[in-house]
Amino acid sequence: MKYCKCYKPTNEQQNEQENTIPMDQNGPSRIRRRDGVRENGISHTLTIEELDPWTVWLYKPHTITWSSGVLDPDSRDIVSSVKRGVWAMIAVLLTYCLLQAPSTLLIRPHPAIWRLVHGMAVVYLIALTFLLFQNHDDARQFMKYLHPDLGIELPERSYGADCRIYVPENPTNRFKNVYDTVFDEFVLAHVVGWWGKAIMIRNQPLLWLLSIGFEFMELTFGHMLPNFNECWWDSIVLDILICNWFGIWAGMRTVRHFDGKTYEWVGISRQPDIMGKVKRTLEQFTPARWDKDEWHPLQGPWRFIQVLCLCIIFLTVELNTFFLKFCLWIPPRNPIVIYRLFFWWLIAIPAVREYNSYLQDRKPVKKVGAFCWLTVAICIVELLICIKFGHGLYPKPMPLWLVIFWMSIGIGLTVFLAAWSWQLHRASQKKTR
């Protein structure tokens, strides 16, 4: 029989071991954990001790074990099995992104929320890529898996069939055309949409440029989509001067209201009464800072091009909404259209913030954020879907005057930027002399 001689430390050695900080290859382990983001060269860092005790558990790392529990070897319904498998893959990816995806500059309501939005954007990009490699018939029938009312060809509505303001032959309502347009559900969508864009961009001249630019897009592609054929009073008066103006005014008013206030972000648990706790909880879902974004498009030719690219992305996303509905047979009142617009709004909030911080950063070496790349990738794939599935659906060619108009705009911009660059180059040479 063998015996093992074990080493037993004394009481003094045990106390010395307990008071010693463990070492690893990277040096001593840290006592406190710091979470933070960096914006415009300024580091916003929080320690665990500085966090509110009611929400401190959200900032600590946790190990989560996830299992579906749906292991049915006798299942013979292949459609249900595929659906469960796809949803399980999406759940795994979203769980990973919730825990490990890169954090953006936004910290409200919590960085994990924006990591989850990042994962949803990746899922949407993958789904669009899969849809891109199908033919148009299979793609339209595939939409039935998202909503049972899809997959049916629908007539496109035209708003410019009768542009008369006064209709004398209608005895019930002689202003029927104006009445039907004003009380259309898309009037409210215009107002809410431009309010959301104002919250994102926070720059009134740029918002007005986008508002007028989209009306030019409707005029340009009116020969392709009947939905873009609008009356002059609908496009100029109702859209630009009423709906878009009110949405932009309300959004900028919201930004000014919160930008002028002084905030003291006290934790939820430190609020004196229940109403204070409820109000502080709701404020957690608002931005931490309401600073106006400064874009400075006239700072130089390169900055002008960068801001112009932002406008092109915005207008392309807007156009994709209408062309996707037309190509994939999605009714305007279908909830998928609303879900997509709301999802794009969630993606654009951190993307615009990252792009503005990228433009304002003075570092010689810098890079745009992950949301910016995702936004551009999703926009491009959506555009490719519209081009592929729209082949043969637009028999009317673009009018010659529109071709000449946009060619003149392109040549004019090129000459303007070249002259501007040459003038700055000559001014810099004079300074060096």
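Structural data are supplied above this passage.
Only a predicted model underlies this, so the values are computations on that prediction, with no experimental measurement involved.

1. Topic: the state of the cysteines
Moving on, step 1. Tallied over the full model, the rule gives one disulfide.
Moving on, step 2. Here Cys163 engages in a disulfide with Cys231; their sulfurs sit 2.3 Å apart. For the disulfide bridge between Cys163 and Cys231, the dihedral angle about the S-S bond is near -90°, and by the sign convention the bridge is left-handed. With a gap of 68 residues between them, Cys163 in the loop between α4 (136-142) and α5 (176-182) and Cys231 in the loop between α7 (204-220) and α8 (232-259) connect regions that are remote in the sequence.
Moving on, step 3. A relative accessible area of 31% places Cys163 in the partly exposed class.
Moving on, step 4. With relative accessibility at 1%, the residue Cys231 sits in the buried group.
Moving on, step 5. Residue Cys386 stays outside any disulfide, its sulfur separated by 5.3 Å from that of Cys327, the closest cysteine.

2. Description of the pattern of salt bridges
Moving on, step 1. The final tally for this structure, using the stated rule, is four salt bridges.
Moving on, step 2. Across the pair Arg340 and Glu382 runs a salt bridge, and its minimum N-O distance is 2.9 Å. Linking Arg340 in helix α11 (residues 335-360) with Glu382 in helix α12 (residues 370-389), this pair joins segments that are 42 residues apart in sequence.
Moving on, step 3. Relative accessible area serves as the criterion here: at 0%, Glu382 is assigned to the buried category.

3. Here's the deal with empty space enclosed by the protein
Moving on, step 1. Following the criterion strictly, the structure yields one cavity of 30 Å³ or more and no others.
Moving on, step 2. Put simply, the largest cavity is a space of about 40 Å³.
Moving on, step 3. Of all the secondary-structure elements, those providing two or more residues to the lining of the largest cavity are α6 (185-201), α7 and α10 (301-328).
Moving on, step 4. Counting residues per element, the lining of the largest cavity draws most heavily on α10, which supplies three residues.
Moving on, step 5. Across the lining of the largest cavity, the residue classes break down as five nonpolar, no polar and two charged.

4. Quick word on the side chain of Thr321
Moving on, step 1. Looking at the secondary structure, you find Thr321 in helix α10.
Moving on, step 2. Side-chain polar atoms of Thr321 contact the backbone oxygen of Val317, separated by 3.2 Å.

5. Some details on the nonpolar core
Soluble globular proteins: nonpolar side chains tend toward being buried together.
Moving on, step 1. By size, the foremost hydrophobic cluster in this structure holds 61 residues, and its most contacted members are Ile201, Trp295, Leu328, Ile378 and Ile385.
Moving on, step 2. Breaking this core down by element, the ones donating at least two residues are α3 (111-132), α6, α7, α8, α10, α11 and α12.
Moving on, step 3. Here this core takes 13 residues from α10, the largest share from any one element.

Each value, and the rule that gives it
Residues numbered from 1 in each chain as written. Predicted model: local features only at pLDDT ≥ 70, side-chain atom pairs only at ≥ 80, totals over all residues. Heavy atoms only, no water. Disulfide = S-S within 2.5 Å. Helix = DSSP H or I, 4+ residues; strand = E, 2+ residues; numbered from the N terminus. Buried < 20%, exposed > 50% of the residue type's maximum accessible area, 1.4 Å probe, protein only. Salt bridge = Lys/Arg side-chain N within 4 Å of Asp/Glu carboxyl O. 1 Å grid on protein atoms, 1.4 Å probe; cavity = no way out; pocket = protein on both sides within 12 Å on 5 of 7 lines; lining within 4 Å. Points joined across faces, edges and corners; volume = space filled by probe spheres on them. Nonpolar A, V, L, I, M, F, W, Y, C, P; charged D, E, K, R; others polar. Polar contact = N/O pair within 3.5 Å; in protein donor to acceptor, adjacent residues only side chain to side chain. Core = buried A, V, L, I, M, F, W, Y, C linked by side-chain atoms within 4.5 Å.

These values are about where atoms sit, not about what they do.
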